Amino acid sequence: KTLSSLVCFHTDKNIRKRFIEACLNNIANNRSVIVSLRLIPKLLASFQQFRDIGTHQVTMWAERQHKMMHHFFSNLRHYCNYVKHIKSRSDSSSSAEDPIHLVRNKSGDLLYTHTTQIQVRLQFLASVFCDIGSPKTFRLTINQVDILWSCLSNDPECADCLFNWLQGQAKGGAQHALSTMAIQHIYRHKWPELKPEH
């Protein structure tokens, strides 16, 4: 909180942009992902106070110049594959190698639960794809929707998180991550993949 307050209220726009770049670099390298995903929306929103450059412009700068969504979805896939790998191992609680640098406390336990990891990622998407965060023309691609679906729709802990997020997006209002085509894609092609008993 202190870091975000210091950065977001700094008068130099370039320093804020450098922090966004650093956060995206963290995500691209699978480091400090939760902290970075929580900080980026605050940094983006902090540009509302400027007349010459607003949140929408900075969001699109982060997307076009620094591949924000590409890094986000690469990390999501990487994280979910790692979780599947860990769950398939009998000694999942003691993993010496941590290729995605998950934050652990002094006793070696993960600082963030799997549910928290996913909820923060979905909250990040909700922040980016809202009227304040980006233009309505900025939406998820069909490929990105497929990645979300493949990573989370059959996750016993987090599938409901995904479905609640999708429902919120489909209702419209201030949210615009899903185009009409993406919603049709989900109903026609993704829902039938689910087993009715689940």
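Now for a look at the structure at hand. (Residues numbered from 1 in each chain as written. Predicted model: local features only at pLDDT ≥ 70, side-chain atom pairs only at ≥ 80, totals over all residues. Heavy atoms only, no water.)

The next subject is the pattern of salt bridges. In total, this model carries four salt bridges according to the counting rule given. Arg18 is paired through a salt bridge with Glu21; the nearest N and O atoms lie 3.4 Å apart. Of this pair, Arg18 and Glu21 both sit in helix α2 (residues 13-28), separated by three residues, roughly a single helical turn. For Arg18, a relative accessible area of 57% puts it in the exposed group. A salt bridge links Lys190 to Asp146, with the nearest nitrogen and oxygen atoms 3.5 Å apart. (Salt bridge = Lys/Arg side-chain N within 4 Å of Asp/Glu carboxyl O. Helix = DSSP H or I, 4+ residues; strand = E, 2+ residues; numbered from the N terminus. Buried < 20%, exposed > 50% of the residue type's maximum accessible area, 1.4 Å probe, protein only.)

Turning our eyes to something else, we now look at unusual backbone geometry. Although it is not a glycine, Asn30 sits at a positive phi angle of roughly 60°. Within the fold, Asn30 resides in the loop between α2 and α3 (33-45).

Our next topic: the nonpolar core. In this structure, Ile20, Met69, Phe73, Phe124, Leu125, Leu140 and Leu148 are the most contacted members of the largest nonpolar core, which totals 53 residues. Breaking this core down by element, the ones donating at least two residues are α2, α3, α4 (55-66), α5 (68-88), α6 (114-128), α7 (142-152), α8 (159-170) and α9 (180-190). Top contributing element to this core by residue count: α5, with eight residues. With near-sequence residues (within four places) excluded, Leu148 lies in contact with Phe73, Leu76, Leu122, Leu125, Leu140, Ser153, Leu162 and Trp165. (Core = buried A, V, L, I, M, F, W, Y, C linked by side-chain atoms within 4.5 Å. Contact = heavy atoms within 4.5 Å.)

Where α7 meets α9, the axes come as close as 10 Å, and the angle between the chain directions of the two elements is 45°. With respect to each other, α7 and α9 are oriented oblique. For the pair α7 and α9, the sense of crossing is right-handed. Of the residues in α9, those in contact with Ile142, Val145, Asp146 and Trp149 of α7 are Met181, Ala182, His185, Ile186 and Lys190. (Axes fitted to C-alpha atoms, helices over the stretch in contact; angles between N-to-C directions. Parallel < 35°, antiparallel > 145°, perpendicular 65-115°, else oblique. Left-handed = near helix turned anticlockwise from the far one by under 90°.)

Right, let's get into empty space enclosed by the protein. Counting across every chain of the model gives two cavities of 30 Å³ or more. Space inside the second largest cavity adds up to approximately 30 Å³. Along the walls of the second largest cavity sit Val145, Leu148, Trp149, Leu162, Leu166 and Ile186, which together make up its complete lining. Among the secondary structure elements, those contributing two or more residues to the lining of the second largest cavity are α7 and α8. Looking at which element gives the most residues to the lining of the second largest cavity, the answer is α7, with three residues. Within the lining of the second largest cavity, the residues separate by chemical class into six nonpolar, no polar and no charged. (1 Å grid on protein atoms, 1.4 Å probe; cavity = no way out; pocket = protein on both sides within 12 Å on 5 of 7 lines; lining within 4 Å. Points joined across faces, edges and corners; volume = space filled by probe spheres on them. Nonpolar A, V, L, I, M, F, W, Y, C, P; charged D, E, K, R; others polar.)

With that out of the way, let us pick up the environment of Phe19. With respect to the secondary-structure elements, Phe19 resides in helix α2. Assessed through its relative accessible area of 29%, Phe19 is described here as partly exposed. With 24 residues separating them in the primary sequence, Phe19 and Leu43 have C-alpha atoms 8.0 Å apart.

The next subject is α5. Helix length check: α5 (21 residues) gives 30 Å between terminal C-alpha atoms against 30 Å at 1.5 Å per residue, within 8%. Within α5, burial applies to Met68, Met69, His71, Phe72, Phe73, Asn75, Leu76, Tyr79, Cys80, Tyr82, Val83 and Ile86. Buried residues in α5 make contact with α2, α3, α4, α6 and α7. (Expected span 1.5 Å × (residues − 1).)

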